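Summary of the model geometry
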Amino acid sequence: MRKGPAAGIRRPSCRRLIPAALLFCVVAMPAPALAQFVVCNQSLDVVNVAIGRDTPEGFATEGWWIVGANRCATTIREELSARYVYVHASDVFGRPVLYGSTPMCVGARRFRITGVGDCFARGYRPAKFLEVDTKAVSRWTLFLSQRP
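The written sequence of each chain sets the order in which its residues are numbered from 1. Note on the predicted model: pLDDT of at least 70 is required for a residue's local features to be given, and 80 or more for side-chain atom pairs to be given and counted; whole-chain, interface and lining totals, by contrast, use all residues. Remark: hydrogens and water are excluded; side-chain values derive from all non-hydrogen atoms of the structure.

Disulfide assignment relies on a single distance test, namely cysteine sulfur atoms paired within 2.5 Å. Enumeration according to the criterion identifies two disulfides in this entry. The side chain of Cys40 participates in a disulfide bridge whose partner is Cys72; the two sulfur atoms lie 2.0 Å from each other. A torsion of 110° about the S-S bond marks the disulfide between Cys40 and Cys72 as right-handed. Taken together, the positions of Cys40 in strand S1 (residues 37-41) and Cys72 in strand S4 (residues 71-76) put the pair 32 residues apart, joining distant regions of the chain. The exposure class assigned to Cys72 is partly exposed, which follows from its relative accessible area of 49%. One disulfide in the model links Cys105 with Cys119; its S-S distance is 2.0 Å. Across the S-S bond of Cys105 and Cys119 the torsion is about -90°, and the bridge reads as left-handed. One end of the pair, Cys105, is in strand S6 (residues 102-106); the other, Cys119, is in the loop between strand S7 (111-114) and strand S8 (125-133), and 14 residues separate them in sequence. Each bonded cysteine in the protein gets a number by its place in the sequence, and the pairs come out as 1-2, 3-4. Here a helix means four or more residues in a row that DSSP labels H or I, a strand means two or more in a row labelled E, and each is numbered from the N terminus. Here's how the labels work: a residue is buried when its accessible area is under 20% of the maximum for its type, exposed when over 50%, partly exposed in between, all with a 1.4 Å probe on protein chains only.

The three strands lie next to each other as S4-S1-S9, forming an open sheet whose pairing is mixed. Because the sheet does not close on itself, it has two edges, and the strands there are S4 and strand S9 (140-144). Ignoring strand direction, the axes of neighbouring strands in this sheet form an average angle of 20°. Two strands qualify as a pair provided that DSSP identifies no fewer than 2 bridges between them. With five bridges connecting them, S1 and S9 associate as parallel partners. By the bridge assignment, Val38 is partnered in S9 with Thr141. Interaxial angles span 0 to 180 degrees and are taken between N-to-C directions of axes, which are lines fitted to C-alpha atoms, for helices over the stretch in contact.

As structure tokens, then:
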């Protein structure tokens, strides 16, 4: 049996190409977006979280994020532009988990409310929010701990 002229040329093994191709795919993939304001629940209770912040439309509150025990929720995905973010957190029975003093409005279900006054007149309920000083950084994580 006669061998052709290409018989002496070695072809690259597919086994060698697969790791290189996988490495290329991992390097070429875009990085996931980084969370900008995250609330982590380090308690044993499920908590409901709402946030308040300054937006281009005016001051607004938004909620609800349901954060399980030892879980985190990203509440603001874009980089923080204001130094202060306001957070309201309560357990499933409506008892406060954070004790703030800034009055704002919240809704019964998922909500986004522009403005902080006249809660009852607009069909919302007033709630106290804790002012969180993010020190003007672009990313912040707030940790909720077990009540004493």
